[in-house]
Amino acid sequence: MPPRDDVPVPLTIIGGFLGSGKTTLLNRLLAEPRGQRFAVIVNDFGAITIDDKLITSHEGQTIALANGCVCCTIGDNFLRTLLDALKMTPTPDHIVVEASGVADPARIADIASIEKDLRLDGVIVLADASQLIAQMADSRLADTIERQVDSADLVLLNKTDLADEAALRACRGWIANRRQHLFIYDVVQANAPFELLFGMDMAPDHSSSSHKPHHIPFETLSFTSDQVVSAHSLENELRALSPHIIRAKGILQTSPSEWSLLQMVGARIEWAKTPEPADAVSQLVVIGPTPLPNTSALQAALSSATP
Amino acid sequence: MTTKIFAAGKIITMDASRPTATHVAVRDGRILAVGTLDQVSQWGNAQVDSRFESKVLMPGLIEGHSHIMEGSVWDHPYAGFYDRTGPDGTTWPGLKSIDQVVDRLRQVSDEMAEPDAPLLAWGFDPIFFGERRMCAADLDRVSETRPVVVLHASLHFLNTNSVVLERGGIDGSTNAQGVMKDESGAPTGEFAGMVAMYLATKTIDYDIMDASTRPSSLWNFARVAQLAGVTTATDLHSALDDTIVDRFVSATSDPRYPIRIVPAFGGTLMAAPQGVERLKSLVPKSTDKAIFGIVKLVLDGSIQGFTARLKWPGYFNGHENGLWYIAPNEVEGILRAYHEAGFQVHMHTNGNEATDLALDAVEAVLTTSPRPDHRHTLQHCQMADEAQFQRMAALGVGVNLFSNHIFYWGEAHKALTLGPDRSAKIDNAGAALENGVDLSIHSDAPITAIGPLFSAWCAINRLTSEGDRLGGEAEAITLDEALYTITMGAARSLKMDDRVGSIEIGKFADFAVLEDDPYEVGAAHLKDVRIWGTVLGGEVFEAPVSAPEG
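Reading the values: the criteria
- Residues numbered from 1 in each chain as written.
- Chains lettered and ligands numbered in written order.
- Predicted model: local features only at pLDDT ≥ 70, side-chain atom pairs only at ≥ 80, totals over all residues.
- Heavy atoms only, no water.
- Pairing = 2+ DSSP bridges.
- Helix = DSSP H or I, 4+ residues; strand = E, 2+ residues; numbered from the N terminus.
- Axes fitted to C-alpha atoms, helices over the stretch in contact; angles between N-to-C directions.
- Contact = heavy atoms within 4.5 Å.
- pLDDT = per-residue confidence, 0-100.
- Buried < 20%, exposed > 50% of the residue type's maximum accessible area, 1.4 Å probe, protein only.
- Buried area = accessible area lost by both parts, 1.4 Å probe.
- Salt bridge = Lys/Arg side-chain N within 4 Å of Asp/Glu carboxyl O.
- Polar contact = N/O pair within 3.5 Å; in protein donor to acceptor, adjacent residues only side chain to side chain.
- Nonpolar A, V, L, I, M, F, W, Y, C, P; charged D, E, K, R; others polar.
- Domains from an automatic or database assignment.
- Phe/Tyr/Trp six-rings, centres within 6.5 Å; stacked < 30°, edge-to-face > 60°.
- Lys NZ or Arg CZ within 6 Å of the ring centre and 35° of its normal.

Residue and element names in this part refer to chain A. Overall, antiparallel pairing links the five strands, which are arranged β10-β14-β11-β12-β13 in an open sheet. Only two strands of the sheet have a single partner each, and these edge strands are β10 (218-225) and β13 (268-273). Going from strand to strand, the sheet's axes swing by 20° on average, the running direction of each strand aside. As paired strands, β10 and strand β14 (residues 282-289) are joined by eight bridges and run antiparallel to one another. Considered in β14, the bridge of F223 is made with L284. In the packing of helix α8 (residues 231-241) onto the sheet, contacts are made with β11 (247-255), β12 (258-265), β13 and β14, and the angle to β13 comes to roughly 150°. Here helix α9 (residues 296-303) sits on the sheet and contacts β10, β11 and β14; the angle it forms with β10, its principal contact strand, is near 25°.

Further remarks concern the pairing of β13(A). Residues and elements named next belong to chain A. Two elements, β12 and β13, share six bridges in a ladder whose sense is antiparallel. Within β13, the position partnered with S260 by the bridge is K273. Remark: two residues form the turn of the hairpin made by β12 and β13, two consecutive strands paired antiparallel; G266 in that turn has positive phi of roughly 60°.

Moving on to the confidence of the model for chain B. With 99% of its residues at a pLDDT of 70 or more, chain B has an overall mean of 95. Confidence estimates for the predicted assembly give a pTM of 0.94 and an ipTM of 0.90.

Residues and elements named next belong to chain B. With six of its eight residues buried, strand β2 (residues 20-27) lies for the most part within the structure. Both strand β1 (residues 3-12) and β2 contribute to a ladder of seven bridges, which runs antiparallel. The residue of β2 that forms the bridge with A7 is H23. Note that β2 and strand β3 (residues 30-35) share five bridges and pair antiparallel. Pairing of H23 across the sheet is with G35, part of β3. In this antiparallel pair of consecutive strands, β2 and β3, the connection spans two residues, and D28 shows a positive phi of 55°.

Here the focus is the interface of chain A and chain B. Chain A puts 28 residues into the contact, and the matching count from chain B is 41 residues. Each partner contributes to the roughly 2900 Å² buried at the junction of chain A and chain B, and carbon and sulfur atoms together form 57% of this total. Summed over the three residues of chain A that lose the most area to chain B, namely I114(A), R140(A) and R147(A), the buried surface amounts to 26% of that side. The interface formed by chain A and chain B contains four salt bridges. If you look at where chain A meets chain B, you find 11 residue pairs in polar contact (both at pLDDT 80 or more). Looking at the side of chain A that touches chain B, the elements that each hand over two or more residues are α2 (78-86), α3 (105-113) and α5 (142-150) of chain A. Among the elements that take part in the side of chain A that touches chain B, α2(A) stands out by supplying six residues, more than any other. Grouping the constituent residues of the side of chain A that touches chain B by class yields 13 nonpolar, five polar and 10 charged.

Turning our attention to the domain arrangement of chain B. Residues and elements named next belong to chain B. Taken as a whole, chain B is organised into domain 1 (1-60 + 502-550), domain 2 (71-208) and domain 3 (278-500). When each unit is reduced to the centre of its C-alpha atoms, the spacing between domain 1 and domain 3 is 29 Å. Listed by partner, the interface residues are 19 residues for domain 1 and 18 residues for domain 3. In total, domain 1 and domain 3 occlude about 1700 Å² of area from one another, counting both sides; carbon and sulfur atoms represent 74% of this. Of all residues in domain 1, F508, L526 and K527 give up the largest surface area on contact with domain 3, accounting jointly for 33% of the area buried on that side. For the pair domain 1 and domain 3, the interface holds six residue pairs in polar contact (both at pLDDT 80 or more). Here the residues of the side of domain 1 that touches domain 3 are counted per class, giving 13 nonpolar, three polar and three charged.

Further remarks concern the side chain of D153(A). All names here are of chain A. Tracing the backbone through its elements, the reader meets D153 in the loop between α5 and β8 (154-158). On the basis of relative accessible area, D153 is assigned to the buried category, the value being 9%. Reaching out from D153, the side chain makes a polar contact with the side chain of R268 at a distance of 2.7 Å. Excluding residues that lie within four positions of it along the chain, D153 makes contacts with G122, V123, L182, V265, G266 and R268.

What follows concerns the packing of aromatic side chains. Residues and elements named next belong to chain B. Considering all chains together, one arrives at 22 aromatic pairs over all chains under this definition. Taking the centre distance of 6.1 Å and the plane angle of 35° together, the rings of W74 and Y78 count as tilted. Y78 matches W74 in its accessibility class, with the two residues each being buried. Both rings, one in Y408 and one in W409, keep their centres 6.2 Å apart while their planes meet at 55°; by these two values the pair is tilted. As far as burial versus exposure is concerned, Y408 and W409 are alike and both buried. Aromatic ring contacts, followed pair by pair, group F81, Y82, F124, F129, F407, Y408, W409, F454 and W457 into a single cluster. Sitting over the ring of F81, K96 keeps its end group 4.1 Å from the ring centre. The ring of F508 is capped by R260, whose NZ or CZ atom sits 3.6 Å from the centre of that ring.

Next up, the structure:
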């Protein structure tokens, strides 16, 4: 594959045990990609439901949709499918991989660190609130699910409508005990806002909220600064706010001669070099569930000039 | 209607009623009579073929667990520690140092026309080089312009040169499981697991399954098998889409194609109900030489890759438990679908926890849907203990043990993966037979070289590459038992014992033609028995003469 000059494609891994709701989430994404051309790689088409009217072509392992998305099945070679997705023309805006129900999604995420053309955006792990406690009691299943939760940037505790309050408490307690600073989203039908899962490049959601029962409200806050920002103190402030902010993205002047792109998902923060923006102003956007905690420290970190 | 009589120095029949003979009569590709010249001549006019007068015939050997990929790896240079014979009969000498590996690959690289075309080699095994690990600087001596990737024998690890590191943006800041680093934090160019597989797939940039079923690969696979005296071999996991099925049927329909192929349908490549329908539609496409109808399920990973599922106390070096490749609670449902449709299911279970899971699933399925003589078979099943062999016997489950592991990875099992106690009992063929379990043994080619006589030698002698014996009398099997295992045992494991596996009237005239008598050579040297070639359906296939390659 020839090296490419353009920016790497964000990669999201959707993990979670069998029946945790991965396909439900992906079905919604394919139906409503909100202006982004997703390439979604799934284990099989079996449970994927795409409106026939949306399908523009179906060749072998690939379905192309009128909304610009494609859905590919892994067939007998996941890596081949992923490489093919990277080579598509036009290049997808975002690649989403459905990990198998027994896979450790972190191992798939590892690929982004050895492939220049990919950038790991996030590892989203779903857990079935109605089954999790029973699954953890099964010695053949427990360590597989533990590893999935250990690998998550964000956990969606799904099917909360099918679990009673005691079970929910037990689930949350178990996850929190394993991953202290991990944000746990309670959802039904895997219905978490896409901005939280797939980033802030998605077009605004114009569909009526009445179609989205159980939708969690979230907030976005923007900060600007004309100072040189200390990457170190900003990271500290962001980490202090985790897990209440799910994502952050910034284009920041980190030294008089250097601009950096910051991406944060869950507690994972990554920096990359980026060209100076036209307005030469540092900007940071954070997003999280309503209400966001007091973010004045963030503004302070952005505004305090570094020597 | 012509009848041919092969006269041999000795015929080992694997038929208990007539263990040895001197003549076998063949008509219409099948065995017409076995015995003395006088006995086999009584069917009427026949031509006597005496070319095997000083040779030994056995039933054609059967490789019950191999992969068609053995045919396509020979498109690439071999970089292994042990001698290995390619499809044209050329024996590639084992490479005894990293420098030797570099030298061979540099020679290949220098002969390649395009300076930036990728170079992939295979079969490398670092466990024979002690502390010294191959690194990117070594392979930079092969080429600094093209990506160089050296796959390890296990297929779970690989080494690259610096070109691959640069193209992937891999440096000291790269943090991912499977990216090996030196003391200074720089990547060494060695990779494991998912990242290794990604780099290999990206570098060769072709579909390995597609490549493996190209006609040239199918022929190469057959030739490698034939060189080992094999007349029936499995491809024990295949997508079996229309293209692949056509390729199998078409290649094998050539009368010069020297083996029968038994591909196993990958039972999780589609949902079970569709898979069942797919396989039902393939059964009628079977021919005498391409036989469809068995299913493969892969439950866990490999022991040497630390991905096999182990019961307590787990891996000897403390590595975390391995991976399920099928959700444990799905195995029974998938097995049930194929079982109730009448298919035979082969389940890959390397670790003993996976073996338990498979046996639980069989027991549950049989409890509600009894089926006589289902012969579901556990593949690899390397850690099975007495209790599990007894369960297999009770459930009518067969086992195909990975005996070659004793030699190739026995030392690693002692020191790293299993420790001294469990490695002594690994691939316990003795216990399988003692408990009355149908037994076969295998190479898992291309993981190790295809060679049933070598597998038999491993099961009898249980010697590691360092010459240490794993276990004692209880785990070993005898020469008689081992020869039965690579013929009738393997035939039973494929439900083909009505057609192949012994030299008996009515069966296909499939023979291994040996230069030496295994009984004279003896158990200790069984692997050194020389193979002249094979006979398939009465047609004679002389193996290409081996010429050492520099």
